[in-house]
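# Analysis of the macromolecular model
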Amino acid sequence: MTRHFRRDDDITPAEQQQIIAMAIAMKADPYSHKPLAGPKSVALVFDKPSTRTRVSFSVGVADLGGNPLIIQAGESQLGAKESIADTARVLERMVAAIVWRTFAQSDIDEMAAHSAVPVINSLSDDFHPCQLLADLMTIGEHKGRLAGLTVAFVGDGSSNMANSYLVACAMAGMHVRVASPANYQPLVEAYETATRIASETGGSVLVTVDVAEALVDADVVVTDTWISMGQESDKEQRIADFTGFGVTTELLAVAKDDAIFLHCLPAFRGYEVDADVIDGPQSVVWDAAENRLHAQKALLHFLLTAS
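Described in the following lines is the structure provided in the data block. Note that the structure is predicted; figures quoted are calculated from it, not measured.

### Focus on the overall build of the protein
Of the regular secondary structure elements, the protein holds 12 helices and nine strands. The C-alpha radius of gyration of the protein comes to 19 Å, within 12% of the 19 Å expected for a compact globule of 307 residues. Taking the principal axes of its C-alpha atoms as reference, the protein extends roughly 55 × 40 × 35 Å. Counting every position in the protein, which comprises 307 residues, the buried fraction comes to 54%.

### What about the sheet that holds strand 3 (residues 97-101)?
As summarised here, the arrangement of the four strands in space is 2-1-3-4, forming an open sheet in which the pairing is parallel. Two strands in the sheet have a free side with no partner beyond their single neighbour: strand 2 (67-72) and strand 4 (119-123). In this sheet, adjacent strand axes meet at a mean angle of 20 degrees when their direction is disregarded. Pairing between strand 3 and strand 4: four bridges, direction parallel. Opposite Val 99, over in strand 4, you have Ile 120 as the bridge partner. Of the strands in this sheet, strand 3 and strand 4 touch helix 12 (residues 285-306), which is tilted by about 160 degrees from strand 4.

### Thoughts on the nonpolar core
One finds Ile 120, Ile 139, Tyr 165 and Met 174 to be the most contacted residues of the largest nonpolar core, which totals 61 residues. In terms of residue count, helix 6 (residues 160-171) provides more of this core than any other element does, nine residues in total. Residues within four places of Tyr 165 in sequence aside, it is in contact with Leu 132, Asp 135, Val 151, Phe 153, Ala 170, Val 176, Val 222 and Leu 262. Among the nonpolar cores identified, the runner-up in size contains 26 residues, and Ala 214, Val 221, Trp 226 and Ile 227 belong to it.

### Topic: the side chain of His 128
Residue placement: His 128 occurs in the loop between strand 4 and helix 5 (129-143). The contact partners of His 128, leaving out residues within four places of it in the chain, are Ser 122, Leu 123, Asn 160, Met 161, Ser 164 and Arg 292.

### Details of the side chain of Gln 105
Note that Gln 105 resides in helix 4 (residues 105-113). Judged by relative accessible area, Gln 105 falls into the buried class, the value being 8%. Of the polar contacts made by the side chain of Gln 105, one reaches the side chain of Ser 124; its length is 2.5 Å. Sequence-distant contacts of Gln 105, that is, excluding residues within four places in its chain, are made with Arg 6, Arg 7, Asn 121, Ser 124, Asp 126 and Phe 127.

### A look at empty space enclosed by the protein
In the structure shown here, the tally under the stated rule is one cavity of 30 Å³ or more. Size it by volume and the largest cavity reaches roughly 30 Å³. Lining the largest cavity are Phe 5, Asp 8, Ile 11, Gln 16, Pro 129, Leu 132, Leu 133, Leu 136, Ala 168 and Met 171. Elements represented by at least two residues in the lining of the largest cavity include exactly helix 5 and helix 6. For the lining of the largest cavity, the element with the highest residue contribution is helix 5, accounting for four residues. By residue class, the composition of the lining of the largest cavity is eight nonpolar, one polar and one charged.

### As for the layout of surface pockets
One number sums up the size of the second largest pocket: a volume of about 180 Å³. Lining the second largest pocket we find Val 45, Leu 69, Ile 71, Ser 76, Gln 77, Leu 78, Glu 82, Thr 87, Val 90, Leu 91, Met 94 and Val 95. Ranked by the residues each element gives to the lining of the second largest pocket, the list is headed by helix 3 (residues 84-91), at three residues. Among the residues making up the lining of the second largest pocket, the classes are represented as eight nonpolar, three polar and one charged.

### A closer look at the pairing of strand 6 (residues 175-179)
For a regular strand, side chains alternate in direction, first toward one face of the sheet and then toward the other. Strand 6 sits mainly inside the fold: four of its five residues count as buried. Pairing between strand 5 (residues 150-154) and strand 6: five bridges, direction parallel. Within the sheet, the bridge partner assigned to Val 151 lies in strand 6 and is Val 176. In this view, the connection linking strand 5 to its parallel neighbour strand 6 by way of helix 6 has right-handed handedness. Direction of pairing for strand 6 relative to strand 7 (residues 204-208): parallel, over a ladder of five bridges. Considered in strand 7, the bridge of His 175 is made with Ser 204. In terms of handedness, the path from strand 6 via helix 7 (residues 188-201) over to strand 7 forms a crossover that is right-handed.

Parameters and conventions
- Residues numbered from 1 in each chain as written.
- Predicted model: local features only at pLDDT ≥ 70, side-chain atom pairs only at ≥ 80, totals over all residues.
- Heavy atoms only, no water.
- Helix = DSSP H or I, 4+ residues; strand = E, 2+ residues; numbered from the N terminus.
- Rg over C-alpha atoms; globule rule 2.2 N^0.38 Å.
- Buried < 20%, exposed > 50% of the residue type's maximum accessible area, 1.4 Å probe, protein only.
- Pairing = 2+ DSSP bridges.
- Axes fitted to C-alpha atoms, helices over the stretch in contact; angles between N-to-C directions.
- Contact = heavy atoms within 4.5 Å.
- Core = buried A, V, L, I, M, F, W, Y, C linked by side-chain atoms within 4.5 Å.
- Polar contact = N/O pair within 3.5 Å; in protein donor to acceptor, adjacent residues only side chain to side chain.
- 1 Å grid on protein atoms, 1.4 Å probe; cavity = no way out; pocket = protein on both sides within 12 Å on 5 of 7 lines; lining within 4 Å.
- Points joined across faces, edges and corners; volume = space filled by probe spheres on them.
- Nonpolar A, V, L, I, M, F, W, Y, C, P; charged D, E, K, R; others polar.
- Right-handed = clockwise from strand over helix to strand, strands pointing away.

Given below as structure tokens:
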């Protein structure tokens, strides 16, 4: 059966650990695995602008012996003259996998439902599971473990990052807290899924409007931009709504002294995070950016060899 990665819980907690361990091994020996030798091609479809996703997947596919085939929005019939299902049926006959950065989660689900090759969600409006593999890898590198650690996500709880943090960290047996304004809450489905998984892995889930409650004794502090792609027209309102939810040096001090800071980028200094935090000694943002490459290579290897 073809395996897909539409959202964080498309893999099991054990498989999550397996992929992260492989990512660490691939980081140490980048050209050790060639599941795409041929070279086979991987379709990299971008409906949204991208820097890290495009570069990391392009380099990763090449490292694995394959050919990255980049398809930009407007350069194909996808979603215009041709349905998602028909596009999947065409692509599956020519490529080894499909990586899609798009808007609606339902579109990713539809692509996967009609594809005989792995479909990877490289970002949707609801989830950002590839980023979480990289972030968990980074946390493990700096903390030596994942299970039992406390992670505080501060900012837009309705974002794809907050939803993925809830689910992926619960899978890793972590205590995940999301602090956000009352009208920017995570998806109910993501919260309920994370709560169920946490009861099985020894983790826990907390969603709160109290930033200090989320940050106290946290091992990891995370935020994301307040103004994602497509929300530019609401910029002033969102900035006002998130007052008090920016990660400042004072707020970071509420966490543990050795807490690390993560941000999936791009970052807007002075809004969701202070420059002194993201450019400071507790920031591991650049390690996580690099680890997108290694984590996605491991994910591709897992899906291609499991299919």
